[in-house]
Amino acid sequence: MEDKLVVNEITNQMSIVIKKMLKEKHIRVDDDADDTRIILDYLDNRSRRIPQKKRNIVISQELKYKIKNKDFDIKSKSVEDIIDEFEYICQKIRNGENLNFNLSEKIFDSRDKYKDIMLNAWKIHHIHLSQHIGASKSAMKRNRSSVLLFFVVTYDMVMCLDIIEHPSSDKFFCFNLMRIIENNNWMKAIGFICNNDPNYISGSLKPIIEKDEDLTKLYTDLKVNLAFEFRGKMYCSLDGITESGDTSDNVVRYQQFIKRLERITRKEDIFEEITDMTFNDDSMTFFIVITRGGIKYKCQCKI
């Protein structure tokens, strides 16, 4: 236990600095959460944001059909406005402009209970279609269209899935989105692999995903990474979510960070301070200052 005292002091100071930074950016924080939860909540909030970078755009067959035939089942906007706003957003993506203020307002809430489970489980973002690109939290009030574009972001590409009216909270995990993803051979892009075992017998694996409610139960109610059958094929997640709703990637990143702290510190060390903390789109870097045998050491860390 003594070996971890220095690590605990470091993570405690980290959580204090993180909470201060989040509040300065007007991001809500759970002040009652422990240090581990604060750090994981920060990582989760960071994962919701899209780093600015020029990206190519690929449009699903289904969305291409809707655009070509002007076939949108949406009453809150005209078809012309939907297509114009979609093209406007696409141009912003190609230009590498900041789209974060058109995303879910959850980007300004790091609290554990407000996780974006669809994003964590399927890597799917949604953006509010509008020709008003906000540049601040207050500006988001002017671009809260009820029409959403669902899309997946990779390092250099955005895969546009569908444009629909804002669904109710229990309909966000919809069968149709997964059907679109599979039709366009994008299951791997959202972290799933297909078991191509020729001996697999359809119907032998549970759960079988056949409707919206099956997905809601799997991810919203249970928050589990079960293999499942979808349209006669068996799929399993390469990473996905943990029971807490965090991404496996963020949990592993946190665990590896703690192991690094345990390697570079000793039980006789005296923790002094954290300095030069820098927050970037995809990382947080800082130095920890410790005293060992009367000598001060400065070690760089990154998470």
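Conventions used here
Residues numbered from 1 in each chain as written. Predicted model: local features only at pLDDT ≥ 70, side-chain atom pairs only at ≥ 80, totals over all residues. Heavy atoms only, no water. Patch = residues over 30% accessible without salt bridge, like charges linked within 9 Å, V, L, I, M, F, W, Y side chains within 5 Å. Areas by Shrake-Rupley, 256 points an atom, 1.4 Å probe, with all protein chains shown as cover. Salt bridge = Lys/Arg side-chain N within 4 Å of Asp/Glu carboxyl O. Lys, Arg positive; Asp, Glu negative; His and termini not counted. Charge placed at Lys NZ, Arg CZ, Asp CG, Glu CD. Helix = DSSP H or I, 4+ residues; strand = E, 2+ residues; numbered from the N terminus. Contact = heavy atoms within 4.5 Å. 1 Å grid on protein atoms, 1.4 Å probe; cavity = no way out; pocket = protein on both sides within 12 Å on 5 of 7 lines; lining within 4 Å. Points joined across faces, edges and corners; volume = space filled by probe spheres on them. Phe/Tyr/Trp six-rings, centres within 6.5 Å; stacked < 30°, edge-to-face > 60°. Buried < 20%, exposed > 50% of the residue type's maximum accessible area, 1.4 Å probe, protein only. Lys NZ or Arg CZ within 6 Å of the ring centre and 35° of its normal. pLDDT = per-residue confidence, 0-100.

Draft legend 1. View of a negative patch on the surface. On the surface, Glu80, Asp81, Asp84 and Glu87 cluster together into a negatively charged patch. Its place among the elements puts Glu80 in helix α4 (residues 79-95).

Draft legend 2. A look at the side chain of Asp44. Topologically, Asp44 is positioned in helix α2 (residues 35-48). In this structure, Asp44 is in contact with Lys115, Asn120, Asp246 and Asn250, ignoring residues within four places of it in sequence.

Draft legend 3. Local environment of the layout of surface pockets. Empty space within the largest pocket amounts to approximately 650 Å³. Looking at the lining of the largest pocket, the elements that each hand over two or more residues are α2, α5 (117-122) and α8 (248-264).

Draft legend 4. Fine view of the environment of Lys53. By the element assignment, Lys53 lies in the loop between α2 and β1 (56-59). The spacing of Lys53 and Ile93 is 40 residues in sequence and 7.8 Å in space, taken between C-alpha atoms. Residues in contact with Lys53, not counting those within four places in the same chain, are Ile93, Gly96, Tyr155 and Asp156.

Draft legend 5. Geometry of the packing of aromatic side chains. As enumerated under the stated definition, the model contains 6 aromatic pairs in all. Relative to Tyr235, the ring of Phe228 has its centre 6.5 Å away and its plane inclined at 40°; by these criteria the two rings are tilted. Judged by relative accessible area, Tyr235 falls into the buried class, the value being 4%. Look at Phe257 and Phe286: their rings are 6.0 Å apart centre to centre, the planes differ by 70°, and that puts the pair in the edge-to-face class. Here the residue Phe257 occupies a position in helix α8, and Phe286 occupies one in strand β10 (residues 284-292), the gap between them amounting to 29 residues. Each member of the pair, Phe257 as well as Phe286, is classed as buried. Among the aromatic residues, ring-to-ring pairing joins Phe192, Phe228 and Tyr235 into one connected group. A cation over an aromatic ring shows up here: Arg49 above the ring of Phe108, its NZ or CZ 5.5 Å from the ring centre. The lysine or arginine in question, Lys298, covers the ring of Phe287, its NZ or CZ lying 4.9 Å from the ring centre.

Draft legend 6. Highlighting the confidence of the model for the protein. When the pLDDT values of the protein are averaged, the result is 88; 92% of them are 70 or greater. Mean pLDDT in the protein bottoms out at helix α7 (residues 212-221), which sits at 80, and peaks at β1, which reaches 98.

Draft legend 7. Region of the structure containing empty space enclosed by the protein. Taken as a whole and assessed by the stated rule, the structure comprises 2 cavities of 30 Å³ or more. Within this model, the largest cavity holds a volume of roughly 90 Å³. Lining the largest cavity are 13 residues, with Ile50, Arg55, Ile93, Glu97 and Leu99 positioned closest to its centre. Looking at the lining of the largest cavity, the elements with two or more residues in it are α4 and β3 (147-153).

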